[in-house]
Amino acid sequence: MMFAVYDDLESLSRAAAKIVLARPRKSLVLSGGSTPRRLYELLAEHQELRDVDFFWGDERPVPPNHRDSNYRMAREAMLDKLGATRVHRIEAERPDRDAVAREYEADLRRVGLDLVLLGMGADGHTASLFPGTAALLETERWVVPNLGCSQRNQSAMIPSSAIRLRMPLPPTREVFTAPRHPLTTALVGAVSRITGRA
């Protein structure tokens, strides 16, 4: 595994864009939060991504037009500008979140995972994974509702029923983790072990 440190969000976003564009992509799993917005704006200029299958690593249980929706942020920053044709939104606003997770997993298994983009919060969480949640123990399913935890991520509340990919990640060609905050070597190493990419 290779680690690189970037001085600012712009240089991080440009480096991530180069990785995404390094070769033709079949599918791309998007990260949420505020960090990847600039990356998505850069990728919106590349029409070769128009027919990529776009997925999400996690989603809050809000409607797709809600300001906290990971889908909405990616749609506004990139997908609408690309005219993306294969968008696989997590319908996390539906009440039966276990059914949503199972349907999303079936979709992921059908298409396959090419590149997964992971962000990382100041507290070290990634893909709505927080200490003490049952989703951390899942080893078989690819997608699960993450129940039983409510944490603050900066100013936004992460709902206890977010739907997310499990860790270690299912079979994936590449993973790019983009922490925006200073992290210790131990924390980055721990995430590498969790994602199975150490």
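Quick note: structure is the one above.
How each quantity is defined
Residues numbered from 1 in each chain as written. Predicted model: local features only at pLDDT ≥ 70, side-chain atom pairs only at ≥ 80, totals over all residues. Heavy atoms only, no water. Salt bridge = Lys/Arg side-chain N within 4 Å of Asp/Glu carboxyl O. Helix = DSSP H or I, 4+ residues; strand = E, 2+ residues; numbered from the N terminus. Buried < 20%, exposed > 50% of the residue type's maximum accessible area, 1.4 Å probe, protein only. Core = buried A, V, L, I, M, F, W, Y, C linked by side-chain atoms within 4.5 Å. Contact = heavy atoms within 4.5 Å. Polar contact = N/O pair within 3.5 Å; in protein donor to acceptor, adjacent residues only side chain to side chain.

Novice: Help me get a handle on the pattern of salt bridges, residues and values and all.
Specialist: Summed over all chains, the structure comprises 16 salt bridges. Ionic pairing is found between R38 and E10, a salt bridge with its closest N-O pair at 2.8 Å. Here R38, found in helix α2 (residues 37-43), pairs with E10, found in helix α1 (residues 9-21); they are 28 residues apart in sequence, far enough to count as distant. With relative accessibility at 24%, the residue R38 sits in the partly exposed group. Across the salt bridge formed by D98 and R102, the nearest N and O atoms sit 3.0 Å from each other. In this pair, D98 and R102 are both assigned in helix α4 (residues 97-111), four residues apart and thus about one turn of the helix distant. Residue D98 is classed as partly exposed on the basis of its relative accessible area of 30%. One connected set of salt bridges, linked through shared partners, spans E10, R14, R38 and E41.

Novice: Outline the nonpolar core, supporting the account with residue identities and numerical values.
Specialist: Counting residues in hydrophobic clusters, the biggest one holds 38 residues, and the most contacted among them are L28, L30, Y40, F54, W56, M78 and L117. Of all the secondary structure elements, the ones that give two or more residues to this core are α1, β1 (27-30), α2, β2 (53-56), α3 (70-82), α4 and β5 (113-120). Aside from chain neighbours lying at most four places away, what touches F54 is L28, L30, L49, M78, L79, L82, A84, R86, V87 and H88.

Novice: Summarise the environment of E91; cite the residues concerned and give the values.
Specialist: Inspection of the secondary structure puts E91 in the loop between β4 (86-87) and α4. According to the relative accessible area criterion, E91 is partly exposed, its value standing at 32%. Residues E91 and E59 lie 32 residues apart in sequence; the distance between their C-alpha atoms is 8.3 Å. Among the polar contacts listed, one links the side chain of E91 to the side chain of R94, at a separation of 3.0 Å.

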